[in-house]
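Coordinates in review
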Amino acid sequence: MLRMSTLFLRTLRADPADAEVPSHKLLVRAGYVRRVAPGIYSWLPLGLKVLRNVEHIVREEMDRMGAQEVQFPALLPREPYEATGRWTEYGDGIFRLKDRKGNDYLLGPTHEELFTLMVKSEYSSYKDLPVSLYQIQTKYRDEARPRAGILRGREFLMKDSYSFDLDDDGLKQSYQDHRDTYVRIFERLGLDYKIVSAVSGSMGGSASEEFLAVTPSGEDTYVACTHCDYAANVEAATVMAPPALDPATQPALEVMDTPDTPTIDTLAAFLDVPASATLKNVIVQLRNPDGRTELLVIGVPGDREVDLKAVEANVFPAEVEPFEDFARYPGLVRGYLGPQVLADLEIRYVVDSRVTTGSAWVTGANEQGKHARNVVMGRDFTPAGTMPAAEVRDGDLCPVCGNLLEINRGIEIGHVFQLGKKFADALSLDVLGPEGKPVRVTMGSYGIGVSRAVAAIAEQSYDERGLIWPRSISPADVHVVIAGQGEQQEGGESLAAGLEAAGLRVLLDDRKKVSPGVAFKDAELIGTPTYVVVGKSLAADGTVEIRDRRSGSSRTVSVADAVAEVVAEVRS
RNA sequence: CGGGGCGUAGCGUAGUGGCUAGCGCGCCUGCUUUGGGAGCAGGAGACCGCGGGUUCGAGUCCCGCCGCCCCGACCA
């Protein structure tokens, strides 16, 4: 039993000045966590209970799916990360240190390398696969800007797991198993979440989905269809393209004098056409892994920004850099660029998927002060390809069913990822196949932010009085508040003992010098879903009050029935 | 790394170049009080982020640095 009289806890009356988001304010105010350094937090007793409860659910479900728990060190040698190139790739993103001999170490940001090497050293036969291993461990990333308390820290608790399979079908099965397990975990955690398609990014590999906890404080933006179940991170989102038209039916191209109209705004105002009728052409420079660069021009409707992250995802492994060097390309007229000349200049041109065959645009005429109208795709220019390059907006159309898309924000609390052979290739992870020849292993990688999940749940479940935990992870099943002296003291003690004997985790406010008001405020701030008030009604007619934290409703029951009533409510 | 805001006691804050840096909460002692952050009395607790400068005098003005928060860039 936890007793408030001795619990290591100090609640704060005011929000800390350095906190912005609700979970940060409340977790600090209610005495769950304290900041030690930027992005680095200590867990106090109540907070640690919640964290452990989340961890327990994650572990139970991972074990249920047949994954096996292991534990790697957080302090790691440089070599494995050197072998996969990530010692360099991570740049400033990892904490590096040296031992007394000057050897390089790092604090693990994630453990693909170590898991791969462990399987390599232990297993050597196809008969050993498939296998899924996981750990729940502290991770370190030197984030450029930690923010929002424990929502984005530099030290955090993460469950990471890795599947090892012989072939793509096996990988798909392992991926699906993890995905199903994640659904069970997040359901049990009481989270409002969305599964969205994600880009694979620099990790390589193919299929990848993120589990986002829905909250306005989230840093990820995703689109979701209002009718079907399509959902995607904005970086991976696609939209339904307008129908293609027959270029032959469009009027002839016409060049116009449009002096001093180097921007979409000035052009649209000069011609009195909507920005969406113009075709904006953005030049970027691509840097390939071998260092070679090439130009890429991206055409998007003029009322849209180019989403560089989406472009980057589409041109991977090349990197996108800004282009400023107009002097080197006299054919490119700044502010008056149109796609009509790009083929001749041998510059690669791609268009956003909203730009379709037969569509007619106002765009640059490739001469200072001139634009052209009725520039028709498929007649006046032909792009090398299409990509979802323009920002997605509320009201865009779902690529699956054509209904409206909605934009929302979320926090990434889980990620499932068909990694493929990237790490197996880099570290030569093979097993002997049935034909006696080595078979390269294919991997999946799967993460759940355990400490982040605590903050995400807090972010979704609070009111003006404080936190409201789901039963599954509440620091206690029930909080017994003793309000008043005399027989309430003893009544509260014996009720708490009874509840504990019935198997509940009990937090008892047995502080003698605090007024009932303070006890109520603390109970509501701490946020157990059910609390019981043992107060004046005990003396008056032998009853206590059972309150539901979320709804605020309360009912009065005889103290003799209280244990049974509370147990029923908690177990419901 | 760029832009903005801010550093005064454990927390929240006031402070016009001028006396011993003020208030609320919290904390300690005593009395009183006990169904919604009680009351009275007494007390402890501050290198005013750090360093330099201007001045008879700096929490306050100037310069530099450090740190924090927010936005952006960055971020499996």
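1. Quick notes on the overall build of chain A
A count of helical and extended segments in chain A gives 14 helices and 32 strands. Along the longest, intermediate and shortest principal axes, the C-alpha atoms of chain A span 95 × 65 × 45 Å. Contacts spanning at least 24 positions in sequence make up 69% of the contacts within chain A whose residues lie at least 6 apart. Here chain A has roughly 25,600 Å² of accessible surface; of this, 50% comes from carbon and sulfur atoms. Separation of charge centres in chain A, based on 63 positive and 83 negative side chains, amounts to 6 Å.

2. Some remarks on the protein's contact with RNA strand B
The environment of RNA strand B is formed by 43 residues, the closest being Arg13, Pro38, Arg152, Glu524 and Arg547. Ser515 places a side-chain nitrogen or oxygen 2.9 Å from a phosphate oxygen of RNA strand B. The separation between a base oxygen of RNA strand B and a polar main-chain atom of Gly535 is 3.5 Å. Contributing elements (two or more residues each) for the surface near RNA strand B: α12 (516–526), α13 (536–541) and β31 (543–548). Among the elements that line the surface near RNA strand B, the one with the most residues is α12, at seven residues.

3. Brief notes about the pattern of salt bridges
All chains considered together, the criterion is met by 34 salt bridges. Two residues, Arg78 and Asp104, come together in a salt bridge whose shortest N-O distance is 2.6 Å. With Arg78 in the loop between β5 (75–77) and α3 (79–83) and Asp104 in strand β7 (residues 104–107), this residue pair connects regions lying 26 residues apart in the sequence. Among the residues examined, Arg78 registers a relative accessible area of 26% and is labelled partly exposed. Between Glu143 and Arg152 there is a salt bridge; the shortest N-O distance is 3.0 Å. Residues joined by salt bridges that share partners form a network here, namely Glu60, Glu61, Arg64, Arg184 and Arg188.

4. Regarding the sheet that holds strand β14 (residues 254–257)
Read from one edge to the other, the open sheet built from three strands follows the order β14-β20-β19, with strand pairing classed as antiparallel. The open sheet has two edge strands with one neighbour each: β14 and β19 (360–367). Taken over all neighbouring pairs, the strand axes of this sheet differ in orientation by 30 degrees on average, direction set aside. By the bridge criterion, four bridges tie β14 to strand β20 (residues 370–376) in an arrangement that is antiparallel.

5. Quick word on the confidence of the model for chain A
Looking at chain A as a whole, the pLDDT averages 86, with 98% of positions reaching at least 70. Across chain A, strand β4 (residues 68–69) holds the top mean pLDDT of 96, while strand β17 (residues 319–322) sits lowest at 72. In the model output, the complex is listed with pTM 0.86 alongside ipTM 0.88.

6. Brief notes about helix α2 (residues 45–64)
For α2, which comprises 20 residues, the first-to-last C-alpha distance of 28 Å matches the rise-based estimate of 28 Å (1.5 Å per residue) to within 8%. Those residues of α2 that fall on the buried side of the exposure criterion are Leu46, Gly47, Val50, Leu51, Asn53, Val54, Glu55, Ile57, Val58, Glu61 and Met62.

7. Details of the packing of aromatic side chains
One pass over the full model with this rule turns up eight aromatic pairs. Consider the rings of Phe186 and Phe211, whose centres lie 5.4 Å apart with planes at 40 degrees: the pair is tilted. Separated by 25 residues along the polypeptide, Phe186 in helix α6 (residues 168–188) and Phe211 in strand β11 (residues 208–214) bring together distant segments of the chain. Through a chain of ring-to-ring contacts, the aromatic side chains of Tyr182, Phe186, Tyr193 and Phe211 assemble into a single cluster. Across from the ring centre of Trp87, 4.5 Å away, lies the NZ or CZ of Arg96, which sits over that ring. The lysine or arginine in question, Arg547, covers the ring of Phe520, its NZ or CZ lying 5.0 Å from the ring centre.

8. A word on the domain arrangement of chain A
By domain assignment, chain A separates into domain 1 (2–237 + 407–459), domain 2 (247–386) and domain 3 (476–570). Inter-centroid distance (C-alpha atoms) of domain 1 to domain 2 is 40 Å.

9. A closer look at the pairing of β31
Extensive coverage of β31 is indicated by the burial of five of its six residues. Pairing between strand β30 (residues 530–534) and β31: four bridges, direction antiparallel. What sits directly across from Val532, in β31, is Ile546. Connecting β31 to the antiparallel partner strand β32 (residues 554–558) that follows it, the hairpin turn spans five residues, and Gly552 within it adopts a positive phi of roughly 80 degrees.

10. Observations concerning the side chain of Asp522
Along the chain, Asp522 falls in helix α12. Residue class for Asp522 comes out buried when judged on its relative accessible area of 8%. In this structure Asp522 touches Met4, Thr11 and Arg511, once residues within four positions along its chain are discounted.

11. Topic: the sheet that holds strand β16 (residues 293–301)
What the five strands build is an open sheet, ordered β17-β15-β16-β18-β21; its pairing is mixed. The outermost strands of the open sheet, each flanked by one partner alone, are β17 and β21 (385–387). Strand-to-strand, the axes of this sheet are offset by a mean angle of 40 degrees, without reference to chain direction. Pairing between strand β15 (residues 279–287) and β16: nine bridges, direction antiparallel. Counted as the bridge partner of Val284 is Leu296 from β16. Relative to β17, helix α8 (residues 308–315) is tilted by about 135 degrees, and along the sheet it contacts β15, β16, β17 and β21.

12. With respect to the nonpolar core
Tyr32, Phe186, Leu189 and Trp469 are the most contacted members of the largest nonpolar core, which has 56 residues in total. In this structure, this core is formed jointly by two domains, domain 1 (2–237 + 407–459) and domain 3 (476–570), each of which donates at least three residues. Core analysis: the next-biggest nonpolar cluster, separate from the first, contains 22 residues, Phe164, Leu419, Phe423 and Met443 among them.

13. Examining the packing of helix α1 (residues 22–29) against helix α10 (residues 450–460)
Closest axis-to-axis distance for the α1/α10 pair is 8 Å, and the angle between their directions is 100 degrees. Here α1 is positioned roughly perpendicular relative to α10, judged by the angle of their axes. Taken together, the residues of α10 that come into contact with α1 (itself represented by Pro22, Ser23 and Leu27) are Ala455, Ala458 and Glu459.

Conventions we followed
- Residues numbered from 1 in each chain as written.
- Chains lettered and ligands numbered in written order.
- Predicted model: local features only at pLDDT ≥ 70, side-chain atom pairs only at ≥ 80, totals over all residues.
- Heavy atoms only, no water.
- Helix = DSSP H or I, 4+ residues; strand = E, 2+ residues; numbered from the N terminus.
- Contact = heavy atoms within 4.5 Å.
- Areas by Shrake-Rupley, 256 points an atom, 1.4 Å probe, with all protein chains shown as cover.
- Lys, Arg positive; Asp, Glu negative; His and termini not counted.
- Charge placed at Lys NZ, Arg CZ, Asp CG, Glu CD.
- Near = heavy atom within 4 Å.
- Polar contact = N/O pair within 3.5 Å; in protein donor to acceptor, adjacent residues only side chain to side chain.
- Salt bridge = Lys/Arg side-chain N within 4 Å of Asp/Glu carboxyl O.
- Buried < 20%, exposed > 50% of the residue type's maximum accessible area, 1.4 Å probe, protein only.
- Pairing = 2+ DSSP bridges.
- Axes fitted to C-alpha atoms, helices over the stretch in contact; angles between N-to-C directions.
- pLDDT = per-residue confidence, 0-100.
- Expected span 1.5 Å × (residues − 1).
- Phe/Tyr/Trp six-rings, centres within 6.5 Å; stacked < 30°, edge-to-face > 60°.
- Lys NZ or Arg CZ within 6 Å of the ring centre and 35° of its normal.
- Domains from an automatic or database assignment.
- Core = buried A, V, L, I, M, F, W, Y, C linked by side-chain atoms within 4.5 Å.
- Parallel < 35°, antiparallel > 145°, perpendicular 65-115°, else oblique.

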